[in-house]
Amino acid sequence: MNSIHRRSVLLAGLGAAGVGALAACTSDSGTTPAALVDPSGPAVAAAEKQRKGTGRAHHVNLTAAPAVLDLGAGITAKSWAFSGRAPGREIRLTAGDTLAAELSNQLPDRTATSLHWHGIALRNDMDGVPPVTQRTVRAGANFTYRFIADAPGTYFVHPHVGVQLDRGLYAPLIVDDPREPLSYDDEWVVVLDDWVDGVTGTPDEVLAELRQGMGGMDMDGMDMGEASAPPSGGMSMRFMLMGAESALLGGDAGDVKYPYHLVNGRVPADPEVYRGRPGRRVRLRLINAGGDTAYRVALGGHRMTVTHTDGFPVEHQQVDTLLIGMGERYDVLVTLGDGAFPLVALAEGKDATGMALVRTGSGAAPKATVRPKELDGRMLTASELRAADDVRLASRKVDRVHRVELSGGMAKYNWTVNGKAFDMDDPAAHPLTVEEGQRVRLDFVNSTQMWHPMHLHGHTYQLDGGGPRKDTAVVLPKKKLSVVFDADNPGRWMLHCHNAYHAEVGMMALVAYRD
Ligand code: C2O
Ligand code: CU
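Each value, and the rule that gives it
Residues numbered from 1 in each chain as written. Chains lettered and ligands numbered in written order. Predicted model: local features only at pLDDT ≥ 70, side-chain atom pairs only at ≥ 80, totals over all residues. Heavy atoms only, no water. Helix = DSSP H or I, 4+ residues; strand = E, 2+ residues; numbered from the N terminus. Buried < 20%, exposed > 50% of the residue type's maximum accessible area, 1.4 Å probe, protein only. Contact = heavy atoms within 4.5 Å. Pairing = 2+ DSSP bridges. Salt bridge = Lys/Arg side-chain N within 4 Å of Asp/Glu carboxyl O. Phe/Tyr/Trp six-rings, centres within 6.5 Å; stacked < 30°, edge-to-face > 60°. Lys NZ or Arg CZ within 6 Å of the ring centre and 35° of its normal. Arc of directions from axis to C-beta. Donors = N, O, S within 2.8 Å, 3.2 Å for Na, K, Ca; no water.

Draft legend 1. How the structure looks around the side chain of S407. Mapped onto the fold, S407 is located in strand β25 (residues 400–407). Using a relative accessible area of 16% as the deciding quantity, one classes S407 as buried. Among all residues touching S407, those that are not within four sequence positions of it are N414, W415, T416, G419, T448 and M507.

Draft legend 2. Region of interest: unusual backbone geometry. Residue P87 follows A86 across a cis peptide bond; omega there is -5 degrees. Note that P87 resides in the loop between β4 (75–82) and β5 (91–94). For the bond running from P130 to P131, omega is 0 degrees, close enough to zero to count as cis. Along the polypeptide, P131 turns up in the loop between β7 (116–118) and β8 (142–148). Look at D351: it is not a glycine, yet its phi comes out positive at around 55 degrees. When you line up the elements, D351 lands in the loop between β22 (340–347) and β23 (352–359). Take D351: its relative accessible area is 61%, and that puts it in the exposed class. Non-glycine residue N418 carries a positive phi angle of around 50 degrees. Tracing the chain through its elements places N418 in the loop between β26 (416–417) and β27 (432–434). Judged by relative accessible area, N418 falls into the partly exposed class, the value being 29%.

Draft legend 3. Examining the sheet that holds strand β24 (residues 379–380) more closely. Spatially, β15-β23-β22-β17-β20-β24 is the arrangement adopted by the six strands of the open sheet, whose pairing is mixed. Where the open sheet ends on each side, the last strands, each with one partner, are β15 (273–275) and β24. As judged from the three bridges shared by strand β17 (residues 295–299) and strand β20 (residues 321–324), these two strands associate in the antiparallel manner. In the sheet register, V297 faces β20, and the bridge partner there is L322.

Draft legend 4. The pattern of salt bridges, seen in detail. This structure, assessed with the given rule, holds 35 salt bridges. When the shortest N-O distance is used, the salt bridge between R51 and E48 registers 2.7 Å. Accessibility assignment for this pair places R51 and E48 in one class, buried. The closest approach of N and O atoms between R238 and E205, which form a salt bridge, is 3.9 Å. Residue R238 is found in the loop between α3 (203–211) and β12 (245–246), and its partner E205 is found in helix α3; the two are separated by 33 residues along the sequence. A relative accessible area of 48% means that R238 is categorised as partly exposed. Through salt bridges with shared partners, a single ionic network connects E90, R92, D176, E180, E187, R283, R285 and D331.

Draft legend 5. Fine view of the packing of aromatic side chains. Overall, the coordinates contain six aromatic pairs when judged by the stated rule. One aromatic cluster is present, formed by W117, F143, Y145 and F147 through successive ring pairs. Looking at R167, its charged tip hangs above the ring of W80, at a distance of 3.7 Å from the centre.

Draft legend 6. Representation of α3. Residues of α3 that are buried: P203, V206, L207, E209 and L210. Down the axis of α3, the buried set is contained in an arc of 165 degrees. They therefore lie on one face. Residues of α3 that are buried make contact with α4 (500–505). One or two positions beyond α3, positive phi appears at G213, with a value near 70 degrees.

Draft legend 7. Layout of the coordination of the copper ion (ligand 2). Around the copper ion (ligand 2), the protein supplies H452 (ND1), C497 (SG) and H502 (ND1) as donor atoms, at distances of 2.0 to 2.1 Å. Summarised as a motif, the one-chain spacing of the donors to the copper ion (ligand 2) is H-x44-C-x4-H. With H452 in strand β29 (residues 452–456) and H502 in helix α4, the pair connects residues that are 50 residues apart, well separated along the chain. Note on H502: relative accessible area 0%, which makes it buried.

Draft legend 8. Geometry of helix α2 (residues 42–50). When we look at burial in α2, the residues that qualify are V44, A47 and E48. Down the axis of α2, the sector holding all buried residues measures 100 degrees, keeping them to one side. Of the exposed residues in α2, those oriented more than 90 degrees away from the buried face are P42, K49 and Q50. Summarising the contacts, the buried residues of α2 are in contact with β8.

Draft legend 9. Spotlight on the pairing of β25. Sheet topology note: the β25/strand β28 (residues 439–446) ladder contains seven bridges and is parallel. When the sheet's bridge partners are listed, R403 is paired in β28 with D443. Note: β25 against β26, two bridges, orientation antiparallel. Paired with L406 across the strands is V417, a residue of β26.

See below:
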């Protein structure tokens, strides 16, 4: 029985006790019992009251169900998706509106699910992390998420159960700014995804193989546990990717072989086409919804002006290409040339690409394998960006520092935070505690050989020293990255690697407000 099923069975037994029963626990000092803010308690309700709402509600339905997806070029994949398509239909509202989203769980095999609103600083009980903020939405059941989204930007939604994110269960979520300061003629939302489901196997099969680790390939020759495959011959390598190297990512780029890389759900041989007119300014909203792939993105024949990352504005910078980790978003402006241009998402270190097409005039469409020279042009990493004035955090002294050490490796596939594999059945066992009103610094210390895109729920931190506001940031191997945030959204929030497989085996922690 895999962890997803084990967890949902446990939750079914939780009954009326629900999440409130987890209120008391041990603080991170390990000695004093600390009461933590309850996701459905008064502190969360009070924070929601502070949010400026328009009073307008925006209703959407998301039905999670099996679907046969058309990836283009005659390729279909049996997967799970929202209302039969991947990406799911774009959700768009105006800042301050209330999103009322009804999730209907029609997934097979008693699969429980949830919806997590990635990047949105929303009320904790709507964050969609069972069993931390709600009970799972069981197969056949419905759940309505209702919250004010008060910060404009580019976000997305995905389940927060197991590795369901690596199915087709994701959709862009755009919060418009009623006083949008940027001027542009059009928008194009571009969702990137690494695809395996229904082609070579399912994400659960990928996870099962990865969990075996590299078995006998472990140089220590240790840990040949019963789950490990024999050192040679018998080891299954259907999904595990070896030798994916990227200098930009500091070495090992990824763990998983994906047969396709999709841009807006299509393969390069039969891409989505964005049609526009030469000279028009277009805002691209780039979202990496992948499970295990960073994308290097460029639009052939164009430079891009970076205006936002993870929904928040930055001081504008011109680039040829951007590297986007899982869970990260970038908004860029481009002024369209005349002709047909490839928007290419190079799977960094994996020697494969996804592609969409921009067409503003005649001319032959670029080949599916095209690699525009911009991919090797000027690139900026997040730490080279600066927060825009209006979103930069005021400088103040830090009240609380948490060291967040990333450890583990491929040999045993034992990715952890602070040496502990996160236990979803006992999520408040080792919280990183904060108090409302504190300025908090997280020091990510990456002791592993691999990069990790570290995502914090419910807050948009700032890269230390005036860097951009973000909720997901790449931490390179053997490097340290500090981020600060103001503890202004009480609740229990996940902090984890947005590699779906790293997170699921335990590279997660809980940031919890003391009551
Ligand atoms: Cu995009 Cu914890 O998630
Ligand atoms: Cu990771």
